[in-house]
Amino acid sequence: MTIDARTTASGLEGVVVADTGLSEVDGERGRLILRGHDVEALALSATCEDAVGLLLRGALPAAAEREEIRRGLGEARAAAFARLPRLGDALEATDGMAALRAATAHLSTAGADRAADEGALIGAAAVFAAAWARARAGLPPVAPDPGLSHAADYLRMVRGEEAAPALCRALDTYLVTVTDHGMNASTFAARVVASTGSDLVSAVVAAIGALKGPLHGGAPGPVLDMLDAIGAGERAARWLEAELVAGRRIMGMGHRIYRVRDPRAAVLERAIEALERAGVSSGRLALARAVERAAEGALRARHPDRPLHANVEFYTAVLLDSIGLPRALFTPTFAVGRVIGWLAHIEEQRRTGRLIRPASRYTGPQPGA
Ligand code: COA
C-alpha cells in the first residue's frame, strides 16, 4: 500500500478513526451531544449512575435500573477498598495520576461479566483516587458506603464525612460533563489498546497515562495556580501578556476541536452559580470570569486567525475547588468521570474487531547512504 504524504497530520486533526454512538463534538457550533443528549440538558440533573446507563447500557436508566447500577457501583467500591492493602506502594506516588495508574494496574478483570468488570474499574477509580488523596494528607483511607451514590461516596471518601447535597450535585454535574468527549487522546489510547484484543485493565491504564499529560487532563490545577497568581481581575491582562511573551500557554484556554467556547465551560459555570446560590463559594468566580475575558483578548491579539476560548478545564478548577477537593486531586477526579466513557469506547472498539494500526512516513537514512 502506498501512503499519500498529504494525508499525514502529526496531531491526526481531522482524521476520523472510528464511528461512535457515544458522543459528538461540534467544534464550530460549540455543541457536545452525549448519546442523544445535549450536555447542557443532561449534566445539571444527571448522576454518574445515569451516565453508566446512558453510555454503557445504551439509554438513561429508569428508576429501578438506576438503583441496580448504584448498588453495583457500591459493591465495586467495597471490593476496591478491600484491595487497598494489596496495592504495595502504588498509592505512595507523589502524583495522583501516577498513583491511579499504578493502583489500577493491580486489577484484573475476569472477562465473564462485562457489567461487573466495567463496574470494578469505575468503582476502583473513585476508591483509589480518594485513598491517594487521604494518604497524601497523612490520613487513613475511608471505607466506602455502598448505600450512597457514586459521587456522594467519592466525596465522602475524600473528605472523611458526608457532603451536603449541593456539593454532591455539583460533583455529579462535573463527572457527567466529562464522561465522554469524542476521540480525545486518552479515549484514543484506550481504543488502540482495546483494538489489539488486550484486556480492559490494560486499556484503562493506557488511558490514564494519556490523561495525565498537561495538554489533556492536567490543566485544572495550573488554572487555579494562575488565578491565585493573578489575584485580582485588573492584574489579569498584564500577567497574561507576560506569560505569552515568555512563550508559555494559558492553561484552560484553547482546544483542538472547539472554535468557540467549550460548551462544558458553560455547564460548569452554571454549576458554580448553583453552588453559590446554595451558599457555597470559593470566591473565585468573578476573578475567573475576568481572567477568561482578559485571556480571550490577549490570545485574540496574538492569534487573530485562531479562535482560542475557555475549555472545560478553566471552570473545572473553580468548581472542584468550591466543592472542596484539593487541587492535586483534580486530574484524578477527571479520570473518575472519564473512565465511564473509556469503558464505553473500549466496548465499541471491541465490537468492530478491527486493529488500529496507522502508518508512518520514514525519514531516516537508507542503508548504505
Ligand atoms: N495559550 C497560548 N497559546 C495557545 C494556547 C494557549 N492556551 N492554545 C493554543 N495556542 C496557540 C499555539 O501556541 C499555536 O500558536 P502558533 O501557531 O504560533 O504555534 C496556536 O495557538 C495553535 O495551537 P495548536 O498547538 O495548534 O493547538 P492544538 O490544537 O494543538 O492545542 C491545546 C490544543 C488544548 C493543546 C492547546 O490549546 C493548549 O495547550 N491549551 C492549554 C492547555 C489546556 O488547557 N489543556 C486542556 C485541554 S481540554
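The shown structure was predicted, so the numbers you read here are calculated from the model rather than taken from an experiment. (Residues numbered from 1 in each chain as written. Predicted model: local features only at pLDDT ≥ 70, side-chain atom pairs only at ≥ 80, totals over all residues. Heavy atoms only, no water.)

Enquirer: Outline the site of the ligand, supporting the account with residue identities and numerical values.
Expert: As a matter of local geometry, the ligand sits amid 19 residues, with Arg 249, Ile 250, Gly 252, Met 253 and Arg 256 nearest to it. Here Gly 252 contributes a backbone N or O atom positioned 2.8 Å from an oxygen atom of the ligand. Between the ligand and Asn 311, the relevant distance is 2.9 Å, taken from an oxygen atom to a side-chain nitrogen or oxygen of the residue. Considered on its own, the ligand offers 860 Å² of accessible surface; in the complex 73% of this is hidden by protein. (Near = heavy atom within 4 Å. Polar contact = N/O pair within 3.5 Å; in protein donor to acceptor, adjacent residues only side chain to side chain. Areas by Shrake-Rupley, 256 points an atom, 1.4 Å probe, with all protein chains shown as cover.)

Enquirer: Account for the sheet that holds strand S2 (residues 31-34), naming residues and giving values.
Expert: Strands pair in a sheet through their backbones, by hydrogen bonds, and they do so in one of two ways: parallel or antiparallel. If you walk across this open sheet you meet the 3 strands as S1-S2-S3, and the pairing is antiparallel. What marks the edges here is a single partner per strand, and that holds for strand S1 (23-26) and strand S3 (37-38). Here S2 pairs with S3 via 2 bridges, running antiparallel. Within S3, the position partnered with Ile 33 by the bridge is Asp 38. (Pairing = 2+ DSSP bridges. Helix = DSSP H or I, 4+ residues; strand = E, 2+ residues; numbered from the N terminus.)

Enquirer: Summarise the pattern of salt bridges; cite the residues concerned and give the values.
Expert: Counted according to the given criterion, the structure contains 26 salt bridges. The partner of Asp 153 in a salt bridge is Arg 156, and the shortest N-O contact between them spans 2.8 Å. Note that Asp 153 and Arg 156 are positioned in helix H6 (residues 150-159) at a spacing of 3 residues, about one turn of the helix. Residue Asp 153 is classed as buried on the basis of its relative accessible area of 0%. The exposure class of Arg 156 is buried, given its relative accessible area of 16%. Here Glu 269 makes a salt bridge to Arg 289, at a shortest N to O gap of 2.7 Å. In this pair, Glu 269 is assigned in helix H12 (residues 263-277) and Arg 289 in helix H13 (residues 285-302), connecting sequence segments 20 residues apart. According to the relative accessible area criterion, Glu 269 is buried, its value standing at 12%. (Salt bridge = Lys/Arg side-chain N within 4 Å of Asp/Glu carboxyl O. Buried < 20%, exposed > 50% of the residue type's maximum accessible area, 1.4 Å probe, protein only.)

Enquirer: Tell me about helix H3 (residues 63-83), and please be specific about residues and values.
Expert: With 21 residues, H3 should reach 30 Å at 1.5 Å per residue; the first-to-last C-alpha distance of 31 Å fits that figure. At its buried positions, H3 is contacted by helix H2 (48-57), helix H5 (114-136) and H6. (Expected span 1.5 Å × (residues − 1). Contact = heavy atoms within 4.5 Å.)

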